[in-house]
Amino acid sequence: MDKSYNPKSIELDWYNHWEKNNYFSPKGQGSSYCIMLPPPNVTGSLHMGHAFQQTLMDILIRYHRMNNNDVLWQCGTDHAGIATQMVVERQLQQRKVSRHDLGREKFIDEVWKWKEASGNTISNQSRRLGTSMDWANERFTMDEGLSDAVREVFVQLYDKGLIYRGKRLVNWDPVLHTAISDLEVISEEENGHLWHMRYPLAESVKDIEHLVVATTRPETMLGDTAVAVHPDDDRYSKLIGKKVSLPLTDRLIPIIADEYVDPEFGSGCVKITPAHDFNDYEVGERHNLEKINIFTADAIINNAAPKQYQGLDRFDARKKIIADLENKKLLEKVEDHKLMIPRGDRSNAIVEPYLTDQWYVKVKPLAEPAIKAVENGLIKFVPKNWEKTYFEWMRNIEDWCVSRQLWWGHRIPAWYDDDGNIFVGHNEKEIREKNNLGDKKLKQDEDVLDTWFSSSLWPFSTLGWPKKTERLEKFYPTNVLVTGFDIIFFWVARMIMMGLKFTGEPPFKEVYIHGLVRDSDGQKMSKSKGNVLDPLDLIDGIELEDLVRKRTTGLMQPQLAKKIEKSTRQHFPDGINAYGTDSLRITFASLATQGRDIRFDIGRIDGYRNFCNKIWNATRFVLMNIESQKIDINNDKKTFGLTERWITSQLSTTLNATQEGIKTYRFDLASQALYEFVWNEYCDWYLEFSKSTLNDKAKSEEEKRGTLYTLVYILDALLRGLHPFMPFITEELWHRVAPILNKNSETIMLESYPSKDEFERDKKADEEIEWIKSFVMGIRRIRSERDIPPGKELTVSTKGGSKKELGWLNKNELLIKMLGKIEKIVPTEDEVSDAALALAGEMTMLVPLADLINPQDEHNRISKIIDNLEKEKMQLSTKLENKSFVERAPKDVVDGAKQRLTDTLSDIETYQEQLESISKLLP
RNA sequence: AGGCGCGUAGCUCAGCUGGUUAGAGCACUAGCUCGACAUGCUAGGGGUCGUCGGUUCGAGUCCGACCGCGCCUACCA
């Protein structure tokens, strides 16, 4: 066995072994456990968020598989309408071809070709994480079956009046030429201006000649159809119903009264542009105003506007309009103004409220049962707080615009005849038959559905719905959805609505919401910030120069390259080590606290790489001893000593904490419990204890057999316990360890997960070992504090001690001697003044130092200890002198305090005596 | 504006239904090539738990106010 762990040499082989043997598919027995992978975008590549999330899911999946459930981890990708279309268009561009040159059908062929060639990137990257997804049943949202589901849902919703077509304002992306939903609009504060414009009254009223309206978007004035004031605003009440002459046009528009206007803001007059602003649209509806659309689909001024502006881009139009107003002295003032600018999340173009025909899902009737399902506990959020976010959104939900002006996606199953009649059905043939249309000319809607529409069906469409399949029967509703809070609205809420509507059951019983992975400074990872970490680089390692190159190429803003390079060189002066998958996974698990931000610091993974090595070497130790001892450990004749009973008991406690952690999605606590057990109990103490037995010629073979057996069977259990967290190293080591116990199965991943009940708790052993530890640590402390060379064998005198402690010492003398590097232990009742002192329970240990001791140093050391004990004495006695405490606190708390006070007093006395004794040696 | 959350050691974070002397990892200091491991071993230093007030015998933990920070949603043209 190598002296240190090398992940690279084993990971790929084991993964191939698992996948080839189909260990990832449900085995067909046991109660079902199912998780739906949030389907990643097919154009995507694996980022830290995926890696983190998939690690947590894989822990759950492997854990339940080892607990004999019939486990399905349903995987796949989504077709990502806009993103994919953009990728393929960009490719075509290099051949100087546009999608319009190709036409719809050929373009879609191109997309499929791209998907076949490149669509597996992210799935293959996932494999590197060791994820045990059911690849044999991987799905894609554009698959035949999933497309059937989409059509079925659309038709049913339409028939029930829950899908409708309407001309309304939508968020229009003028670059991508498509509508997008509210959620795809990212609004951020940007610097802009507030222009105050004068609108002259058609006929002046008394001394008022014009109204001043303020706007952040002057160009929309060409579409104004009213000016609104507040109905109770005395300044303008006499103007209501009068008209203003809209500058730069020849139109007269009315002055109307509407509650929407805030009289306190600006002049209290608002221009109303119903076709280009969501609020104005509402006002327009209330007052029956005309909606004048002044833009083309490219956001260029159309011919509804005066001639001189037609054909101008919206930003050029703005400049010209401001200049023209200024010339006519109609611009009162310009102020700097911060405002929220809405941009499309894909194109980054400023989104335009735009009047078009779109398909909408009427959401309110779907939302109601979805709210109830969470209220009634049918679906539980973990942590529970997220339910509030969910409710908040669901109770204020607006209709969902589901049509997209794209080619790649599920084409809307609606057909039109020449008279504009709409027919919705699964296909053209069905529609013709159902409506007796004969061979009447029909045209299918050009648009496709929002990608999230198909994603919302994922939990049941992947299982075969609308067919009543066995898989659907077995695995739906699924057990838990693991996802980030950023898509509660996009996805979680919509799945719940659709799941309830079409299956009558919630799609999952629990929703575990994890935090979002950020960089070590808490910044979101993004290409433009140059702080992205590729999980595969953490696994395989990367040279600094390669990392710099990777981070600085293909930037949207190339001027950032220098800054990114500098900070990369600063953060990773030596590049990134090859940590291997298991280190990364256990790091992720330990970072999975309840918080919403997860800062990923490279130092953290360093520690867990060391942990892998620790396990590796512990195994190496065990195997070396098995080999050198030449004892058949499967022979029945074994004696289990104190240390064996203790480590077994500790394992039981650990497994309890681990299982509890997994059950409550506290992966941090689960992994911490295992980490501490392996390092602080098994390695630090038990392996050392075992040396004392194994190296002692006086010990019987039965005792040695008991120890060897315990070394192996604890190791076997902890490897199984760790397997969901660290699948590769545990598999590798298990195959070296398990055969010793006559276990010879082909994989650890189908072994049973160790349970606390298989290992006996032994409180007496725990207590005894605790005392032994305190004895040993007391001696070590003296050694260290008094600068005694580590190699020097000590003579220790003991004084006092309870009967129990004397028994423990007697029984475990050899063990204690070995661990404390002690030559002999002699009881004494004499005063030993030239000695350093420590306590283990009621027993006093004295290390006579004769020639080594400097009495002053020891005097100082003991004084310090006494000071601390005095502080504690004060606290405890104050507490106990407080009548209320003694009367009202529970008995065990009071008794505990009393006991501690007694102990403290006795300790003080012991140290005090020694202090006096030493004082005699002082000059 | 509304909603949610955070503030504990130099850093990153645990701390469940209030009850020993507030923990871990990393970092730091000192000392160690002893037969698994220097990716290691041993020992150690370091916190008035954001501030103020309240409830309580007892508050890092519960309540209120304030300060600071973050996120989400909706926005006044």
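Parameters at a glance
- Within every chain, residues take consecutive numbers counted from 1 along the sequence as written.
- To read the labels, note that chains go from A and ligands from 1, taken in the order they are written.
- For this predicted model, a pLDDT threshold of at least 70 governs which residues receive local features, and a threshold of 80 or more governs which side-chain atom pairs are given and counted, while totals over whole chains, interfaces and linings are taken from all residues.
- Under the scheme used here, helices are H or I runs from DSSP no shorter than 4 residues and strands are E runs no shorter than 2 residues, and both carry numbers assigned from the N terminus.
- Only C-alpha atoms enter the radius of gyration; for comparison, a globular chain is expected to reach 2.2 Å times N to the power 0.38, where N is the number of residues.
- Any residue with 12 or fewer other C-beta atoms within 10 Å of its own C-beta is exposed, any with 20 or more is buried, and the rest are partly exposed; the C-beta atoms used are placed from the backbone.
- A pair of residues counts as a contact when their C-beta atoms, built from backbone coordinates, are separated by no more than 7 Å.
- Paired strands, in this sense, are two strands between which DSSP finds at least two bridges.
- By convention here, the C-beta atom is placed from the backbone, and a residue is near a molecule or strand when that atom is within 6 Å of it.
- Residue polarity is assigned by list, with Asp, Glu, Lys and Arg as charged and Ala, Val, Leu, Ile, Met, Phe, Trp, Tyr, Cys and Pro as nonpolar; anything else, Gly included, falls into the polar class.
- The pLDDT score gives, residue by residue, the confidence of the prediction method on a 0 to 100 scale.
- Expected helix span is computed as 1.5 Å times (number of residues minus one).
- Summarising the geometry, the arc corresponds to the directions from the helix axis toward the C-beta atoms.
- Domain delimitation follows an automatic or database domain assignment.
- Under this scheme, a helix contributes an axis fitted over its contacting stretch, all axes are lines through C-alpha atoms, and angles between N-to-C directions fall in the 0 to 180 degree range.
- Angle categories are assigned with fixed cut-offs, so that under 35 degrees is roughly parallel, over 145 is roughly antiparallel, 65 to 115 is roughly perpendicular, and the rest are oblique.
- The handedness criterion is simple: a crossing whose near helix is rotated anticlockwise from the far helix by less than a right angle is left-handed, and one whose near helix is rotated clockwise is right-handed.
- The nonpolar core criterion groups buried Ala, Val, Leu, Ile, Met, Phe, Trp, Tyr and Cys residues into a set whenever they are joined through C-beta atoms within 7 Å.

Caption draft 1: Here's a closer look at the overall build of chain A. Helix and strand counts for chain A stand at 31 helices and 29 strands. Over its C-alpha atoms chain A spans a radius of gyration of 37 Å, topping by over 25% the 29 Å that the globule rule assigns to 923 residues. Principal-axis analysis of the C-alpha atoms gives chain A an extent of 115 × 70 × 60 Å. Counting the 923 residues in chain A, one finds 39% classified as buried. Sequence separation of at least 24 residues holds for 78% of the intrachain contacts in chain A that already meet a minimum separation of 6.

Caption draft 2: Geometry of the environment of Ile292. One can find Ile292 in the loop between helix 8 (278–287) and helix 9 (314–327). A C-alpha to C-alpha distance of 85 Å links Ile292 and Met624, two positions 332 residues apart in sequence.

Caption draft 3: Highlighting the sheet that holds strand 14 (residues 352–361). Overall, antiparallel pairing links the 4 strands, which are arranged 6-5-14-16 in an open sheet. Unpaired on one side and paired on the other, strand 6 (178–180) and strand 16 (400–401) mark the two borders of the sheet. Pairing of strand 5 (residues 163–173) with strand 6, which is carried by 3 bridges, proceeds in the antiparallel orientation. Bridge pairing links Trp172 to Ala179 in strand 6.

Caption draft 4: Quick peek at unusual backbone geometry. The omega angle of the peptide bond from Val382 to Pro383 is -5°, so this bond is cis rather than trans. With respect to the element layout, Pro383 can be found in the loop between strand 15 (380–382) and helix 11 (386–395). At the junction of Tyr476 and Pro477, the peptide bond is cis and its omega measures out at -5° in the coordinates. Backbone geometry places His177, a non-glycine residue, at a positive phi of 60°.

Caption draft 5: Summary view of the protein's contact with RNA strand B. Every one of the 60 residues lining RNA strand B counts as a neighbour, but Phe265, Thr593, Asn610, Asn613 and Ser884 are closest to it. Considering every element that reaches the surface near RNA strand B, the biggest residue donor is helix 21 (residues 602–629), with 11 residues. Residue composition of the surface near RNA strand B, grouped by class: 20 nonpolar, 19 polar and 21 charged.

Caption draft 6: View of the confidence of the model for chain A. Model confidence for chain A is summarised by a mean pLDDT of 90, while 100% of its residues fall at 70 or above. For this predicted complex, the interface confidence comes out at an ipTM of 0.94, alongside a pTM of 0.92.

Caption draft 7: Main features of helix 3 (residues 81–94). Over its 14 residues, helix 3 runs 21 Å from end to end, which matches the ideal 20 Å to within 8%, given 1.5 Å per residue. All of the buried residues along helix 3 are Gly81, Ile82, Thr84, Gln85 and Val88. All buried residues of helix 3 project into a common sector of 165° when viewed along the axis, lining one side. Exposed residues lying more than 90 degrees from the buried face of helix 3 are Arg90, Gln93 and Gln94. Turning to helix 3, the residues buried within the fold contact helix 5 (104–118), strand 17 (403–404), strand 21 (448–449) and helix 13 (451–455). Directly beyond the C-terminal end of helix 3, a positive phi value near 60° is found at Lys96.

Caption draft 8: Inspection of the domain arrangement of chain A at higher detail. Per the domain assignment, the segments of chain A are domain 1 (178–353), domain 2 (597–761) and domain 3 (854–923). Computed over C-alpha atoms only, the centres of domain 1 and domain 3 are separated by 79 Å.

Caption draft 9: Looking closely at helix 8. Considered for burial, the residues of helix 8 that qualify are Asp280, Tyr281, Val283 and Gly284. When helix 8 is viewed along its axis, its buried side chains cluster within an angular range of 165° and face the same direction. The secondary structure elements touched by the buried residues of helix 8 are strand 5, strand 9 (226–229) and strand 12 (269–272). Looking one or two residues beyond helix 8, the residue adopting positive phi is Asn288, at roughly 60°.

Caption draft 10: Looking closely at the packing of helix 23 (residues 667–694) against helix 24 (residues 701–722). Between helix 23 and helix 24, the least distance of the axes is 10 Å, while the angle of their chain directions is 165°. With respect to their mutual orientation, helix 23 and helix 24 come out roughly antiparallel. Between helix 23 and helix 24 lies a crossing whose hand is left-handed. Between helix 23, through Leu674, Phe677, Val678, Tyr682, Ser690, Thr693 and Leu694, and helix 24, the contact on the second element is made entirely by Glu703, Lys704, Thr707, Leu711, Ile714, Leu718, Gly721 and Leu722. The residue inventory of the contact of helix 23 with helix 24, partitioned by class, reads 9 nonpolar, 4 polar and 2 charged.

Caption draft 11: Examining the pairing of strand 11 (residues 252–257) more closely. For strand 9 and strand 11, the ladder comprises 3 bridges, and the chain directions are parallel. Each bridged residue has a counterpart across the sheet, and for Val227 the counterpart in strand 11 is Ile255. Sheet topology places strand 10 (residues 243–245) next to strand 11; 3 bridges connect them, and they run antiparallel. Paired with Lys243 across the two strands is Pro254, which belongs to strand 11. What sits between strand 10 and strand 11 in their antiparallel hairpin is a turn of 6 residues, with Leu248 showing a positive phi close to 65°.

Caption draft 12: View of the sheet that holds strand 20 (residues 443–444). Strands sit in the order 19-18-20 across an open sheet of 3 strands; the sheet is antiparallel. Two strands in the sheet have a free side with no partner beyond their single neighbour: strand 19 (422–424) and strand 20. Looking at chain direction, strand 18 (residues 414–416) and strand 19 are connected through 3 bridges and run antiparallel. What sits directly across from Trp415, in strand 19, is Phe423.

Caption draft 13: Geometry of the pairing of strand 22 (residues 478–484). As paired strands, strand 22 and strand 23 (residues 508–514) are joined by 6 bridges and run parallel to one another. By the bridge assignment for strand 23, Thr483 is matched with Ile513.

Caption draft 14: Representation of the nonpolar core within the structure. Within the largest apolar cluster, 221 residues are counted, with the highest numbers of intra-cluster contacts made by Val227, Val712 and Met845. Ranked by residue count, the leading element in this core is helix 24, at 11 residues. Of the residues that make up this core, three or more belong to each of domain 1 (178–353) and domain 2 (597–761). The residues touching Val227, leaving out its near neighbours within four places in the chain, are Tyr199, Leu211, Val213, Val244, Ile253, Ile255, Cys269, Val270, Lys271 and Ile272.

Caption draft 15: Expanded view of the packing of helix 18 (residues 544–552) against helix 19 (residues 561–571). Direction vectors running N to C along helix 18 and helix 19 enclose 150°, while the axes themselves pass 9 Å from each other. As helix 18 runs across helix 19, the sense of the crossing is right-handed. Where helix 18 abuts helix 19, its residues Leu544, Leu547, Val548, Arg551 and Thr552 lie against Ala561, Ile564, Glu565, Thr568 and Arg569. Residues that form the contact of helix 18 with helix 19 fall into these classes: 5 nonpolar, 2 polar and 3 charged.

Caption draft 16: The environment of Ala738, seen in detail. On the secondary structure map, Ala738 appears in the loop between helix 25 (727–737) and helix 26 (763–785). Sequence separation between Ala738 and Asp716 is 22 residues, and the spatial gap between their C-alpha atoms is 6.4 Å. If sequence neighbours within four positions are ignored, Ala738 has contacts with Asp716 and Lys743.

Caption draft 17: Just the environment of Pro848, in detail. Positionally, Pro848 belongs in strand 29 (residues 843–848). For Pro848, a count of 17 C-beta atoms within 10 Å translates into the label partly exposed. Residues Pro848 and Glu909, spaced 61 residues apart in sequence, show a C-alpha to C-alpha distance of 20 Å.

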